[in-house]
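As a plain string of letters, each chain reads:
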Amino acid sequence: MTITLFIGSLLGAIGLGVPIAFALLVSAVVLMLHLDMFDSQILAQNLVNGADSYTLLAIPFFLVAGEVMSRGGLSQRIVTLAMSLVGHRKGGLGFVAIFAAIIMASLSGSAVADTAALASMLLPVMRKAGYPLGRSAGLMAAGGIIAPIIPPSIPLIIIGVAGGISISKLFLAGIVPGLLMGVTLVVMWLFMTRKEDLVVAEKATWGERLKALRESFWAILLPVIIIGGIKTGIFTPTEAGVVAAVYAMFVATLVYRELNLKQLYEVLGLAARSTAIVMFLVAAAMVASWLISIAQLPMMVADLLAPLADNPRLLMLAIMGIVLVVGMVMDLTPTILVLTPILMPIVKIAGIDPVYFGIMFVLNCAIGLITPPVGNVLNVITSVGNIKFEKAVSGVFPFALAYVGILLLFVAFPQIIIAPMQWLAN
Amino acid sequence: MAVAERLARVTEQCLSALMVAALVTMIVLVFVNVVLRYGFNSGISVSVELSRFLFVWVTFLGAVVALLKQQHLGVTTLMALLPRAVLPWLERLVTLMMLGCALMLMVGAYKQTLLNWDNLSPISGIPVGVFYLAGLITGVLMSIVLLYRVFVPSNLFAEPAGEE
Amino acid sequence: GITARMGTSLPEEHPQTLGARKFAELVEQKTQGEVEVKVFSGGMLGNDVNMTSMLQAGTLAFTVPSTATLASLNGNFSIVSLPFQFDNEAHADAVLDGEVGQSLLRSLDDKGLEALAFWENGFRHLTNSRRPVETLEDLQGLKVRVMENNLYIDLFNTLQANAVPMPVNELFTALETRTVDAQENPYTVIASKRFFEVQPYLSQTAHAYDALVLLASAKFMDQLDESQQQAVREAAREATLYQRQVSRELNGTLLQELSDQMQVNAVPEAERKQMRESLAELIQRYQASLDQDLVTRFSQALDASRGQ
Ligand code: NA
Ligand code: NA
């Protein structure tokens, strides 16, 4: 009853067109009325407390770093480097896209920003070289969603806070599955372009490659600083964020000199606004989650799923099924915010490694970004690439299917994620 | 109409400037703290607390800006299926629901601001009420914007923005 | 019936929550089931500061914050946290249950709170990943995470360590990656937060005693009739005895368990004395900022009940 009321009011409000942050507040108010404890202070207190988190400060910092990098010439240099390395191979531009997507994933925490940057740089070139447009757009979208898996990652920070999971561990655990996503794309692209007749770029000389490497050196150094810094304990994830932001501003304004003060102001304004949008959502979810706790909803869900608790794999499979369906219609951040507090108790009871669970959850929601009916990365690729939504959907379909395949693989063999994480954490 | 729009634009620009200032201060505070800890084995103890204050203010002021620019994340797919004649009424209903939330924020944050005004945060000594003041101001500004939109619907679903 | 909600910030197996569960059971028993208390543990409803503010607003009925948290509501509470003043648990009980402790509890009356009793978090000890701390010199340069509280920051900086204020939810990771070297907490917290997994050394500094305060929301209490209020107060008294007993038993057995996982060392009394002496000026400075009458009565109570 309580569950139906909560989910019904939330989905009802979202369906009517209420922005998700406000829909969460509406569902919280419905729960208040149901529990006979209507009080405006519950809303105000939890909304303010939800935004008051030192850990989440990492979000504006990584957003600043990401925005500065794409506007300050760092992304462009990475694409140039990728082009000089693999551009001459058959289907080479596809490999350029995958390679650049992985590097950019290790610089930024947002799938939407990465996809937009990649697509605006590469899609016109691919179109001109005669690559099938839908498929190319699909590859770009699939490459874009590696960003939230490989650190730094804003969704991993959010699930870390929402579920009480170590963000440092989540960051280290994301590296291998993120790279495996890249490998999957490479294999599929090899297979897809086997028979195509495509224009290939001229092979770059070693001199050109060295030059491209030298120019992108400053950009590629950043993931080394972030991952190295977190692993050796020089800084916490929040501090890694600030270091990334300062470093990106330093490179963009003083080394590459592609960002003047006025542009920097604009970029900071943009990052501040994106921060507010994400954080207001997070804060609103805290209001809902406080009432979810008070209503003892997680216990009800745990009871519901209790028969599966003896078999963690089966439980994982069931949860992944639920998340996949929710992720198809809802965006990544709200899915994490709504489902994590409900699912975390049963995950703990079943003895599933919370870090593994966090990675699986985010990977699953990331796939939702490229599935219809609601997929933000799909939206970006259609508007940047100027192609039809249906065309983007059919282009991305095989890649989305392959991602679901690796998701199932990780359900069957959790060690693929857990073992490297343990190795990296030591 | 034009006056309201200009007022909205000016508010938005002022808030944006404040947010950028707060963001830059946060970056400086946290960064200097890391440098001090590693370079000089010391630190600024107010750094954590002060940056949390600024963060809450950026979040809440930014939420107003996002409301003005209609950038709060939402789903509008279902809307497209409805007959056009219903839309203005649906839009009013949605605005009213949001207005309800904004009013609750305003009233609740007002009570909390008063309650926490002589509750001092342990390191900086800033009243904890200052956190809630951000909620109060946001509640007031949002209520004004939404009240205006109840009477003058402004095509709520004009630019569905996707942010992650 | 009436439903009351109670929040704790520490995990299910910590004496804070164990005491809360006992309190809930006793309230229900003593009101013949008229008042039901639901306990939400582990910070599910927020941290100590958030929950105390919820009590003031009447959106939560009970919580058990530490005296360090309450110092922001009433600065005088920091007198309990001053370093090296209690010899043992019995000494703390005598002072806190005595006239001066009770007047401290009543000082929250005008804040919309009814403080029912002092509970125990315990003596705080130091763990770190560098070396056994046996002398004052061993503390030098150690990066010690402390609560976000000026007294603790000044305390460790005065002892020549480097105090790093940090929220507790970031602490485990910071210790694991050695962003900070050390932290200080009672055995119960060291065990329930599993710090022994990442900190090889535990030094029994007992540098401060941490008391918790069982709080009721005045707004909630006003909803109850007289006999129900009395039942709640009685339940608080009984639960207090239980909570302290559990805390002490656990601190004993946990020390045993922790010594299997960590290298535990005693800190010689002479060294503790030296630490106290180097803090004398700091203690005086903090005392000067508090209510002078309270400071005098507190000192008298400390002396009077020493060694009883
Ligand atoms: Na990333
Ligand atoms: Na989707």
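Worth saying up front: this structure is predicted, and the values here are computed from it rather than measured. (Residues numbered from 1 in each chain as written. Chains lettered and ligands numbered in written order. Predicted model: local features only at pLDDT ≥ 70, side-chain atom pairs only at ≥ 80, totals over all residues. Heavy atoms only, no water.)

A.B. asks: Teacher, can you tell me more about the pattern of salt bridges here?
C.D. replies: Residue and element names in this part refer to chain C. As enumerated under the stated definition, the model contains 28 salt bridges over all chains in all. When the shortest N-O distance is used, the salt bridge between Asp-97 and Arg-244 registers 2.8 Å. On the criterion of sequence distance, the pair formed by Asp-97 in helix H5 (residues 89–97) and Arg-244 in helix H11 (residues 226–261) is long-range, its members being 147 residues apart. Looking at Asp-97, the relative accessible area reads 42%, which means it is partly exposed. Salt-bridge contacts for Glu-269 lead to Arg-272; the nearest nitrogen and oxygen are separated by 3.2 Å. Placement of both Glu-269 and Arg-272 in helix H12 (residues 269–278) is noted, with a separation of three residues, approximately one turn of the helix. Each of the salt bridges in this network shares a partner with another, and the network as a whole consists of Asp-93, Asp-97, Glu-120, Arg-244 and Arg-248. (Salt bridge = Lys/Arg side-chain N within 4 Å of Asp/Glu carboxyl O. Helix = DSSP H or I, 4+ residues; strand = E, 2+ residues; numbered from the N terminus. Buried < 20%, exposed > 50% of the residue type's maximum accessible area, 1.4 Å probe, protein only.)

A.B. asks: Could you clarify how one ought to interpret the domain arrangement of chain A in this entry?
C.D. replies: Interface size, as often reported, equals the accessible area lost upon joining of the parts. All names here are of chain A. Here chain A is described as being made up of domain 1 (1–38) and domain 2 (39–425). If you average the C-alpha positions of domain 1 and of domain 2, the two centres end up 29 Å apart. On the side of domain 2, 22 residues touch domain 1, which itself brings 18 residues to the contact. A combined buried area of about 1,700 Å² lies between domain 1 and domain 2, and 91% of that area is made up of carbon and sulfur atoms. Three residues, Ile-3, Leu-24 and Leu-25, lead the burial of domain 1 against domain 2; their summed loss comes to 29% of the area buried on that side. On inspection of domain 1 and its partner domain 2, the count reaches zero salt bridges. If you look at where domain 1 meets domain 2, you find one residue pair in polar contact (both at pLDDT 80 or more). Breaking the side of domain 1 that touches domain 2 down by element, the ones donating at least two residues are helix H1 (2–16) and helix H2 (20–34). (Domains from an automatic or database assignment. Contact = heavy atoms within 4.5 Å. Buried area = accessible area lost by both parts, 1.4 Å probe. Polar contact = N/O pair within 3.5 Å; in protein donor to acceptor, adjacent residues only side chain to side chain.)

A.B. asks: What exactly am I supposed to notice about the UniProt feature "transmembrane region" (unreviewed entry) in chain B here?
C.D. replies: All names here are of chain B. The UniProt record marks residues 15–38, 50–68, 89–110 and 130–151 with the feature "transmembrane region" (unreviewed entry), using the residue numbering of this structure. As a span, residues 15–38 carries 100% helix and 0% strand, and end to end its C-alpha atoms are 35 Å apart. Helix makes up 100% of residues 89–110 and strand 0%, with an end-to-end C-alpha separation of 31 Å. (UniProt positions renumbered as here; feature names shortened; annotations may be inferred.)

A.B. asks: When you look at the packing of helix H17 (residues 354–368) of chain A against helix H20 (residues 415–425) of chain A in this model, what are you seeing that I'm missing?
C.D. replies: Residues and elements named next belong to chain A. In the contact formed by H17 and H20, the axes pass within 10 Å of each other and the chain directions differ by 120 degrees. Relative to H20, the element H17 is oriented oblique. Viewed along their axes, H17 and H20 form a crossing whose handedness is right-handed. Judged by residue contacts, Val-355, Tyr-356, Ile-359 and Met-360 of H17 engage Ile-417, Ile-418 and Met-421 from H20. Tallied by class, the residues present in the contact of H17 with H20 amount to seven nonpolar, no polar and no charged. (Axes fitted to C-alpha atoms, helices over the stretch in contact; angles between N-to-C directions. Parallel < 35°, antiparallel > 145°, perpendicular 65-115°, else oblique. Left-handed = near helix turned anticlockwise from the far one by under 90°. Nonpolar A, V, L, I, M, F, W, Y, C, P; charged D, E, K, R; others polar.)

A.B. asks: Teacher, can you tell me more about the interface of chain B and chain A here?
C.D. replies: With 55 residues of chain B at the contact, the number on the chain A side is 67 residues. Both sides together, the interface formed by chain B and chain A hides about 5,400 Å², and carbon and sulfur atoms give 76% of it. Put simply, chain B and chain A have two salt bridges between them. Taking the shortest distance from any N to any O, the salt bridge between Asp-52 of chain A and Arg-52 of chain B comes out at 2.6 Å. Counting across the interface, chain B meets chain A through seven residue pairs in polar contact (both at pLDDT 80 or more). Listed by contribution, the elements that provide at least two residues to the side of chain B that touches chain A are helix H1 (2–40), helix H2 (46–68), helix H3 (87–115) and helix H4 (129–151) of chain B. Top element by residues in the side of chain B that touches chain A is H3 of chain B. It accounts for 14 residues. Considering only residue class, the side of chain B that touches chain A consists of 38 nonpolar, 11 polar and six charged.

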